[in-house]
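# Summary of the model geometry
Listed here are the chains, written in short residue letters.
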Amino acid sequence: MPGDTMTLPSQPAPDGGAPHVQKRIPLYRIYLSLISLSGMALFLGGLWRFPDYADKHLFLLLCGLAAVSALTTISVQVEKSGITYSVGPAVSLAVIPHWGLLAATLVSTGFNGCLWLLKPKDQATWKKSGAQLAFNNGMHALAFVAGGALLLWGRRVLGADTLLGQTAPWLLATIVYNEVNLWLLIGVLRLQHGPEIRPWAIWKEERWSSQISILVLALGGGVLSFAIQNYDAVGIIIFYLPIGLSAYAFRLYVRQMQEHMLNLENIVAERTRDLAALNRQKDSYLALLTHDMMTPITSIQLCAEELKSHPAAAVEDPFLTNILLQSQKTLLNIVHNILDIEKLQAGGSLSAAKVNCDLADVLDHVVSLVRLDADVRGLHLTHTVSSRPLWLYADRQQLERILLNLLSNAVKYTPAGGSVQVRAQLIGQYVEVEVRDTGYGIPPQEIPHIFERFHRVERLQTKAPGAGLGLAITKALIEEHHGDIAVQSEEGQGAVFVVRLPRVENHETIPAA
Ligand code: ADP
């Protein structure tokens, strides 16, 4: 883009936090004031000379074009400074051969003023922008005077009509303009922030953009100056249009890139939050799992110690061995569940060989398994089967697991004195099993989540141990058998789980998948 202007950093310099006994004006403020005052003096000089200008209407048109250029301006952040691309400086430079050095400061003041007005209020306070405007003006004015003087000298020496005279001075002038601009800005940054500002690093960082800027500024300035000398207002506008439009296109492009980057940053932030949440979930799950595993491990350890000190207890006290076996079974169950969940996540299947089996028979067995537990807890457990046999095409072991998960949950989440009813019946093409309890029930907002792995109703966590895997596995197993599961519950009123599995009409036939 033609033109390259710098803006002050948005943050004022830190004071270092130390209280000052004596108030001294910081050096950078003196530096800022000197540059701002120089800009002001050059601007006033330009105004003073204005009445003598030839072709005032063309000059005012160029001021207008410089103002329009403010709309095509775009800023890119580099290190601690912002680099601004615009065609405004090209217009300022273009007026120098025709109206002189001070005219450039007039055009540039108009351009900077428009930029200042367009600057969104939330980016900086008006007060700060005012200081920024004065500094920018001064910095540009000094850079235009330095670059412009070289331009005029080059044209005088090389001749304004020769090819060399029409190109080399523009290139030299824009290089000088750009460097003066950059080093004046680096100066204020260094004075404000101290040694953390490394001038050469900023210069190097800015190098690539300077090259583009110098090329297009020289080209834009040269072309516009040619138009001023040879054409009228319409000609100048025609020459300006492609330069202004290309700057505007660049601005749109950079804006889109910035939006895209912001979008990417938001996505990264969101993913980081998700990961943190998953991490927390993993931590709490591990804590839960460790807690659940500790109970059977402690039982095994206590039984083992007892058996070590009284070997005869193995024969005398069958309760000890029962606890040992039960604890070992619980541990094995947890490990199996974790392995199965991993298998499901990897897209595997849990059911092995399916055969025709009688659900009524499997249910009898499962009820007998949980009956002892229900009795110990003081629960009334009943089970009814409408007709026998109830043929299903299933993996018998996994069918047992489905029923055991649902029944042991009903027993686990029902307080003493409550009841658990299991009913199996034929309904159309399905065998339906209903497990109904009068326990704690599930809050309505939790119902959609209870089949998710690791999900446990928070309020019920203290009521019974568990890893939140049983229902996830149960649902996956039911689906592997082409059935479905539904739940109805009211908090404090118990829960009803209903499983439907496709029946086999005649135990010789296999249902269509
Ligand atoms: P857990 O090992 O925690 O029991 P499950 O996957 O079997 O894991 O169940 C998930 C959650 O659903 C349980 O933690 C419990 O909060 C709730 N839940 C399951 N069955 C019942 C039930 N019959 N009554 C009340 N809540 C239940």
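Description of the structure in this document. (Residues numbered from 1 in each chain as written. Predicted model: local features only at pLDDT ≥ 70, side-chain atom pairs only at ≥ 80, totals over all residues. Heavy atoms only, no water.)

Two elements, strand 5 (residues 380-385) and strand 7 (residues 419-427), share six bridges in a ladder whose sense is parallel. Opposite H383, over in strand 7, you have V422 as the bridge partner. With eight bridges joining them, strand 7 and strand 8 (residues 430-437) adopt antiparallel strand pairing. What sits directly across from Q425, in strand 8, is E432. Counting the residues in the hairpin turn of strand 7 and strand 8 gives two residues, including G428, whose phi is positive at 55 degrees. (Pairing = 2+ DSSP bridges. Helix = DSSP H or I, 4+ residues; strand = E, 2+ residues; numbered from the N terminus.)

Of all hydrophobic cores here, the largest spans 53 residues; its most connected members are L359, L381, L399, L406, I442, I450 and F497. Of all the elements, helix 11 (residues 359-376) adds the most residues to this core, at eight residues. Once residues lying within four places of it in the same chain are set aside, the contact partners of L406 are V435, L471, T474, I485, F497 and V499. Counting residues in hydrophobic clusters, the runner-up holds 35 residues, among them W99, A104, A143 and Y240. (Core = buried A, V, L, I, M, F, W, Y, C linked by side-chain atoms within 4.5 Å. Buried < 20%, exposed > 50% of the residue type's maximum accessible area, 1.4 Å probe, protein only. Contact = heavy atoms within 4.5 Å.)

If you check the shell around the ligand, you find 19 residues, and the closest are N409, Y413, D437, R456 and L471. Interatomic distance of 3.0 Å between a side-chain N/O atom of K412 and an oxygen atom of the ligand. For the ligand, an oxygen atom lies 2.7 Å from a polar atom in the backbone of L471. Summarising the interface, the protein chains cover 97% of the accessible area of the ligand, which totals 530 Å² for the free molecule. Elements represented by at least two residues in the shell around the ligand include exactly helix 12 (396-412) and helix 13 (470-480). (Near = heavy atom within 4 Å. Polar contact = N/O pair within 3.5 Å; in protein donor to acceptor, adjacent residues only side chain to side chain. Areas by Shrake-Rupley, 256 points an atom, 1.4 Å probe, with all protein chains shown as cover.)

Another aspect to go through is the sheet that holds strand 9 (residues 484-490). Read across the sheet, five strands follow the order 5-7-8-10-9 without closing on themselves; strand pairing throughout is mixed. Each edge of the open sheet is held by one strand with a lone partner, namely strand 5 and strand 9. Mean inter-strand twist for the sheet, computed between neighbouring axes without regard to direction, equals 10 degrees. Contacting strand 5, strand 7, strand 8, strand 9 and strand 10 (494-502), helix 12 runs over the sheet at an angle of about 20 degrees to strand 8. (Axes fitted to C-alpha atoms, helices over the stretch in contact; angles between N-to-C directions.)

The subject of this paragraph is the pattern of salt bridges. Where charged atoms of side chains with opposite charge meet at close range, the side chains can pair. Enumeration over the complete set of coordinates arrives at nine salt bridges. Taking the shortest distance from any N to any O, the salt bridge between R377 and D373 comes out at 3.6 Å. You can call R377 partly exposed: its relative accessible area is 30%. Assessed through its relative accessible area of 36%, D373 is described here as partly exposed. In this structure, the salt-bridge partner of E434 is R423, at a minimum N-O distance of 3.3 Å. A residue pair is termed long-range when its members are at least 10 positions apart, and E434 in strand 8 and R423 in strand 7 qualify at 11 residues. A relative accessible area of 10% means that E434 is categorised as buried. Salt bridges sharing partners connect three or more residues here, namely R423, E434 and R436. (Salt bridge = Lys/Arg side-chain N within 4 Å of Asp/Glu carboxyl O.)

The values reported here are purely geometric and, on their own, carry no functional implication.
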